[in-house]
Amino acid sequence: MNALEVDGELKVGDFPESELLAAAEGIVSSALFGDFVELLLEQWRDLDDHKAAVKAICAGLKRNGNREAFIHAVDALAESELDDFASFAGALDARAGDDGTSLHIRVEAVAGLVRFALREPRWTTYAGAGVLRLLEQDDDWVKAKLCRLTSILHDHLAWDQAVKSLEALTVCSACAAEARQELGFVEMASAFKSDDVASMSVHLAQATAWFDQCAAQADDVPRARMYGTVAGALARSLQADTPNALDVDSLADDAQWVVHYNQPRAGAAWLTPPAEAELEWIPLLSPYDGSSPVDPLTLLASAVQVFEKVRSVQVIIRGRREFRVPRLSGLTERAREIGLARAWLRSGATTHVSADGRARLEALLKPPGEPPGKH
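Here's what I pulled together on the structure shown here. (Residues numbered from 1 in each chain as written. Predicted model: local features only at pLDDT ≥ 70, side-chain atom pairs only at ≥ 80, totals over all residues. Heavy atoms only, no water.)

A word on the overall build of the protein chain
Then step 1. On a plain count of helices and strands, the protein chain comes out with 18 helices and 2 strands.
Then step 2. Here the analysis covers contacts within the protein chain between residues at least 6 apart in sequence; of these, 69% occur between residues at least 24 apart.
Then step 3. When the accessible area of the protein chain is evaluated, it comes to approximately 17,100 Å², of which 49% is carbon and sulfur surface. (Helix = DSSP H or I, 4+ residues; strand = E, 2+ residues; numbered from the N terminus. Contact = heavy atoms within 4.5 Å. Areas by Shrake-Rupley, 256 points an atom, 1.4 Å probe, with all protein chains shown as cover.)

Remarks on unusual backbone geometry
Then step 1. A positive phi angle is found at Ala 158, which is not glycine, with a value near 55 degrees.
Then step 2. Within the element layout of this structure, Ala 158 appears in the loop between helix H9 (140–157) and helix H10 (162–169).

Topic: the packing of aromatic side chains
Then step 1. Enumeration over the complete set of coordinates arrives at 8 aromatic pairs.
Then step 2. When the centroid spacing of 4.8 Å and the interplanar angle of 65 degrees are considered together, the rings of Phe 185 and Tyr 227 count as edge-to-face. In this pair, Phe 185 sits in helix H11 (residues 176–191) while Tyr 227 sits in helix H13 (residues 222–239), placing the two residues 42 residues apart along the sequence. Summarising the burial analysis for this pair, Phe 185 and Tyr 227 share the class buried. (Phe/Tyr/Trp six-rings, centres within 6.5 Å; stacked < 30°, edge-to-face > 60°. Buried < 20%, exposed > 50% of the residue type's maximum accessible area, 1.4 Å probe, protein only.)

Here we look at the packing of H13 against helix H14 (residues 248–261)
Then step 1. At a minimum axis distance of 8 Å, the contact between H13 and H14 shows a crossing angle of 135 degrees. One element, H13, and the other, H14, form an angle in the oblique class. Remark: the crossing between H13 and H14 carries left-handed chirality. Touching Pro 222, Arg 223, Arg 225, Met 226, Thr 229 and Val 230 of H13 are Leu 251, Asp 254, Ala 255, Trp 257 and Val 258, all from H14.
Then step 2. The class makeup of the residues in the contact of H13 with H14 is 7 nonpolar, 1 polar and 3 charged. (Axes fitted to C-alpha atoms, helices over the stretch in contact; angles between N-to-C directions. Parallel < 35°, antiparallel > 145°, perpendicular 65-115°, else oblique. Left-handed = near helix turned anticlockwise from the far one by under 90°. Nonpolar A, V, L, I, M, F, W, Y, C, P; charged D, E, K, R; others polar.)

With respect to the pairing of strand S2 (residues 320–324)
Then step 1. With 5 bridges joining them, strand S1 (residues 313–317) and S2 adopt antiparallel strand pairing. Counted as the bridge partner of Gln 314 is Phe 323 from S2.
Then step 2. The turn linking S1 back onto S2 is made up of 2 residues, and Arg 318 within it adopts a positive phi angle of 50 degrees. (Pairing = 2+ DSSP bridges.)

A few points about the pattern of salt bridges
Then step 1. Taken as a whole, this structure holds 18 salt bridges when the rule is applied.
Then step 2. Among the salt bridges present, the one from Arg 106 reaches Asp 99, with a minimum N-O distance of 3.5 Å.
Then step 3. The exposure class of Arg 106 is buried, given its relative accessible area of 3%.
Then step 4. Given a relative accessible area of 67%, Asp 99 falls into the exposed group.
Then step 5. Ionic contacts of the salt-bridge type, sharing partners, join the residues Arg 67, Glu 108 and Lys 145 into one network. (Salt bridge = Lys/Arg side-chain N within 4 Å of Asp/Glu carboxyl O.)

Spelled out as structure tokens, the structure:
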């Protein structure tokens, strides 16, 4: 297997199944484990002994101590064309609970379980159990990543202990700011899952409070500052016609910093939204300077579009990459449709619409739940 140690592109044909599996005992504990898993998966359909291959991969997942190799292996599995993750999920679950394993490996095992759950929700319980095991550990990097994984379990997989887990993390000095930031995002997601406008407004106000607490606790939290502005503007727009004037310059500075300097950690590329998506908040909120009334549904419609992008996670199934977005309520979907239609109606594209036609359209574009005849 010396060829694995040579720089250059690996070719599947150079590593037949018999040679890979014969050398498995030594490789699965080495820095070559990720390459080993990737090579096996690339020829999976042609393997003669799938049972031996699964056993070897699971052995590596349970004992490999090289973080980069472990991440590589998990990436390969999460992005593979396999349909059955049962054995691998069991191995990752065992590793996540292994007190003798480095915390940096254990949290990567939990991340792998979250990725499996995004492909098949039945692994949500395993992923949640992994989070609960690591709640009491004290490591800045691990806790910060754990916060984000927990919010994914809330937004995408409806794990019922996510909020309580994040609240528990707020009392840990290692990740108090990060946990508050994620709770802000969780409250925004809950707002967009709400079935009534009053509940939506309450969640957005609570999101603003969490972001503001995060910003007050640490100086290097530009994302929390910008989303405190975003959530606050949305909350006020649902409660009054004219929100307070926004500090768009500060919002722009924070957004630029987040996009250009807040690069993903190793093994966290799948958590990264589409490039520069967060810059879209700048033109969206720039018009809201407090000088004119704000149509709350138009603002909400655009905000939901951007929120879906910035809180999406990458899932690769059979080679096809998709950005999985948080779930929305029927109310939010309807409000988005109305808001986008209202924005279109006010645009130059509708100059040809007659006064009667415009009146009919406006009558149809009333806020969800508004009584008939109310204007």
